[in-house]
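Now for the letters of each chain:
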Amino acid sequence: MLLTSLNPAAVAARADIGDAVRIGGTTLSRSDLVGAATSVAERVAGAGRVAVLATPTPATVLAITGCLIAGVPFVPVPADVGVAEQAHILTDSAAQAWLGEAPADPAGLPHVPVRLHARSWHRHPEPAPQSTAMVIYTSGTTGPPKGAVISRAAVAADLDALAQAWQWTAEDTLVHGLPLFHVHGLVLGLLGSLRVGSRFIHTGKPTPEAYAAAGGTLYFGVPTVWSRIAADSSSARALAPARLLVSGSAALPVPVFDAMVNLTGHAPVERYGCTETLITVSTRAGGERRPGSVGLPLPGMQTRLVAEDGAPVAHDGETIGSLQVLTPTVFDGYLNRPDATAAAFEADRWYRTGDAAVIGPDGMHRIVGRESVDMIKSGGYRVGAGEIETVLLGHPGVAEVAVVGLPDRDLGQRIVAFVVGEAVPDELIDYVAQQLSVHKRPREVRVVESLPRNAMGKVLKKELML
Ligand code: MLC
Ligand code: AMP
């Protein structure tokens with residue numbers, strides 16, 4: 001039977017093995033973590049939903065852990081959030097307060113600080129497995145981000161499957177420097193460590209030097225992080241004593257995979273997933289780690305490929321189809337968006353990932369790319385072109401706009417806006433950074449005379465990507 005507890009029970013059980021969390025220059029022992037987070041739980045118990053400004057700090061870790069203990073759903077808000085995106089997240093989620101770090105603009109909500117030195121040892125009853133753990137806002141192809149409602153049972157099932165696939169135990173020290181407002185850094189990194197009982201070290205920025213100095217056994221990174229490490233041979237060599245290096249959130253380029261093998265002696269494990277389903281496919285610590293492949297479905301999960309007309313696609317290692325998954329880790333729907341939730345599923349409850357993939361006769365999966373040009377992955381961040389276009393169209397100097405992701409060696413894709421109008425490019429980049437999250441700003445704005453359109457007036461984005 002699945003143990004659904006997301007309390008840091010595993011952490012508490014290992015008081016003998018010292019520190020639990022190192023983040024923002026502070027180390028929390030196992031009793032610091034459990035005592036201070038339980039004290040947070042006392043203060044928030046009974047709240048409907050709270051917002052957590054997810055900066056990589058002890059206050060954020062304690063706020064999140066406290067919510068899990070109390071069974072209060074939390075909404076991680078991007079640390080670099082802008083005004084329009086924050087207003088949308090707060091209104092849509094109906095968060096009642098900020099918990100943990102103080103936002104620059106609380107937007108009228110009360111702020112409940114976390115007391116690092118408070119302690120409580122009260123035992124809270126375990127919340128129902130089907131109850132909501134968190135609501136993570138994630139971009140679609142159009143419109144503002146949608147709140148994916150993720151249950152405690154989904155998180156627990158995913159972490160247990162990953163622990164099995166990666167032979168992840170309480171003896172590990174997990175290191176990463178990723179944001180705590182998305183699945184990778186938050187669910188896998190932080191909540192994974194709490195559930196498995198491993199030490200958790202957050203490096204701040206995920207620089208090659210910081211990864212090299214951390215002395216972990218298990219490292220998580222997006223491909224941009226691994227590619228920067230591969231370009232810094234002395235930092236890469238310092239990772240040789242680690243047990244496992246894991247890449248995900250975007251495709252790991254084969255040359256980066258090869259460079260990591262050469263420099264660290266480790267073939268990276270690559271895994272695939274999304275906010276809505278958590279991680280569903282991975283190569284294994286004890287199995288083949290094939291460059292360019294994300295491996296096999298995790299235990300308890302199924303995948304299939306379908307053609308445009310819905311017909312099954314052969315698992316022949318060549319034919320591309322739309323990837324769908326059936327998994328106990330799937331989300332409960334988008335908050336306030338029954339239309340979008342319904343559109344995300346087939347009638348038989350398989351989730352449409354929006355990714356094109358190939359599956360081999362041996363079951364190994366290769367992700368070919370996104371089906372929509374309007375979903376951009378830059379540095380592992382998922383960014384909807386429509387969201388940026390809407391903001392840019394609100395600027396007085398912009399008459400028409402099309403946002404695309406162009407190939408980029410460092411970031412996978414870089415966000416580029418093609419604009420018709422009088423605006424100054426740098427002003428537009430800053431404008432997006434103020435309104436949305438800073439990481440959603442275009443790297444480049446190209447002012448053009450006109451946008452290529454078809455007879456119906458629709459912008460031909462593929463032409464902009466040539
Ligand atoms: C960036 N800079 C700019 C700019 N864009 N300056 C001017 N104009 C612009 N348009 C600046 C930055 O502020 C920074 O300055 C410097 O340039 C380098 O920026 P960068 O290239 O963005 O690098 P960095 O900030 O280091 O970010 C790279 C990164 C980051 C990899 C660390 O993208 C990242 O954290 N990605 C992780 C995303 C993630 O976790 N995704 C998981 C989603 S969950 P300065 O001064 O700061 O150096 C998911 C599920 C799954 O996908 O499968 O996991
Ligand atoms: P997000 O919802 O931010 O978690 O982004 C999910 C998307 O990231 C997926 O739908 C894929 O497009 C992409 N993705 C995640 N992991 C991988 C991977 N290993 N290879 C290729 N794409 C990936």
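One can find the structure itself at the top, above this paragraph.
Read on for a plain summary of the structure. Here the structure is a predicted model, which means the values were calculated and not measured.

Okay, the sheet that holds strand β16 (residues 302-306) next. Here we have four strands laid out as an open sheet, ordered β16-β17-β18-β19, and antiparallel in their pairing. On the outer flanks of this sheet lie β16 and β19 (365-370), each paired with one strand and no other. Between one strand and the next, the sheet's axes are offset by a mean angle of 50°, whatever the strand orientation. Bridge count between strand β18 (residues 351-359) and β19: five bridges; the pairing is antiparallel. By the bridge assignment, Ala356 is partnered in β19 with Gly369.

Time to look at the site of ligand 1. Near ligand 1, the surroundings consist of 21 residues, among which Ser249, Arg271, Lys377, Gly379 and Arg443 are the closest. Contact distances for ligand 1 include 2.9 Å between an oxygen atom and a side-chain N or O atom of Arg228. Within the complex, the protein chains bury 69% of what would otherwise be the 1100 Å² of accessible surface of ligand 1. Those elements that provide at least two residues to the shell around ligand 1 are α6 (183-196), α8 (223-230) and β13 (269-274). For the shell around ligand 1, the residue count by class is eight nonpolar, seven polar and six charged.

Summarising the element assignment, His365 is placed in strand β19. Judged by relative accessible area, His365 falls into the buried class, the value being 2%. Reaching out from His365, the side chain makes a polar contact with the side chain of Thr303 at a distance of 2.7 Å. Excluding anything up to four places from it in sequence, His365 contacts Val281, Ser293, Val294, Gly295, Leu296, Pro297, Thr303, Leu323, Val358 and Ile359.

This paragraph deals with the environment of Cys274. Within the fold, Cys274 resides in strand β13. Residue classification places Cys274 among the buried residues on the basis of a relative accessible area of 13%. For the pair formed by Cys274 and Ile320, sequence separation is 46 residues and the distance between their alpha carbons is 19 Å. Excluding residues that lie within four positions of it along the chain, Cys274 makes contacts with Tyr351 and Arg382.

So, about the site of ligand 2. In the vicinity of ligand 2 there are 16 residues, among which Arg271, Thr275, Asp355, Arg370 and Arg382 approach most closely. One of the backbone N or O atoms of Ala251 is found 3.4 Å from a nitrogen atom in ligand 2. One of the backbone N or O atoms of Arg271 is found 2.9 Å from a nitrogen atom in ligand 2. Against a free-state accessible area of 500 Å², the protein chains account for coverage of 91% of ligand 2. When residues of the shell around ligand 2 are traced back to their parent elements, those giving at least two are β13 and β19. A per-element tally of the shell around ligand 2 places β13 first, with five residues. Classifying every residue of the shell around ligand 2 by side-chain character gives six nonpolar, four polar and six charged.

Turning our attention to α6. Taking 1.5 Å as the rise per residue, α6 with 14 residues should run 20 Å; its terminal C-alpha atoms sit only 16 Å apart, a clear shortfall. Along α6, 14 of the 14 residues are buried, which leaves the element largely enclosed by surrounding structure. Residue Gly197 follows α6 closely and has a positive phi angle near 95°.

So, about the pairing of strand β2 (residues 26-29). Note that strand β1 (residues 19-23) and β2 share four bridges and pair antiparallel. Each bridged residue has a counterpart across the sheet, and for Ile23 the counterpart in β2 is Thr26. In textbook terms, the turn of a hairpin is the stretch between consecutive antiparallel strands, and for β1 and β2 this stretch comprises two residues, one of which, Gly24, has a positive phi near 55°.

Reading the values: the criteria
Sequence positions are assigned chain by chain, starting from 1 and proceeding in written order. Whichever chain is written first becomes A and whichever ligand is written first becomes 1, with later ones labelled in order. Where local features are concerned, this predicted model is filtered to residues with pLDDT of at least 70; where side-chain atom pairs are given and counted, the filter is 80 or more; whole-chain, interface and lining totals use all residues. With hydrogens and water set aside, each side-chain value is computed from the structure's full complement of heavy atoms. Two strands are said to pair when DSSP picks up at least two bridges between them. By the criteria applied, helices consist of DSSP H or I runs no shorter than four residues and strands consist of E runs no shorter than two, each listed in order from the N terminus. Structural elements are reduced to axes, namely lines fitted to C-alpha atoms, with helices fitted over the stretch in contact, and the angle between N-to-C directions of any two is expressed from 0 to 180 degrees. The near set for a molecule or strand comprises every residue that places at least one heavy atom within 4 Å of it. Two N or O atoms count as a polar contact when they lie within 3.5 Å, although within protein this holds only if one can serve as hydrogen donor and the other as acceptor, and sequence-adjacent residues are included solely when both atoms are side-chain atoms. Residue burial considers only the protein chains on display, and all accessible areas are found by Shrake-Rupley using a 1.4 Å probe. The nonpolar class holds Ala, Val, Leu, Ile, Met, Phe, Trp, Tyr, Cys and Pro. Asp, Glu, Lys and Arg form the charged class, and all remaining residues, Gly among them, are polar. Relative accessibility under 20% of the residue-type maximum defines a buried residue, over 50% an exposed one, and the middle range a partly exposed one, all with a 1.4 Å probe and only protein chains included. Every residue pair with non-hydrogen atoms within 4.5 Å of one another is taken to be in contact. The span expected for a helix works out to 1.5 Å for each residue beyond the first.

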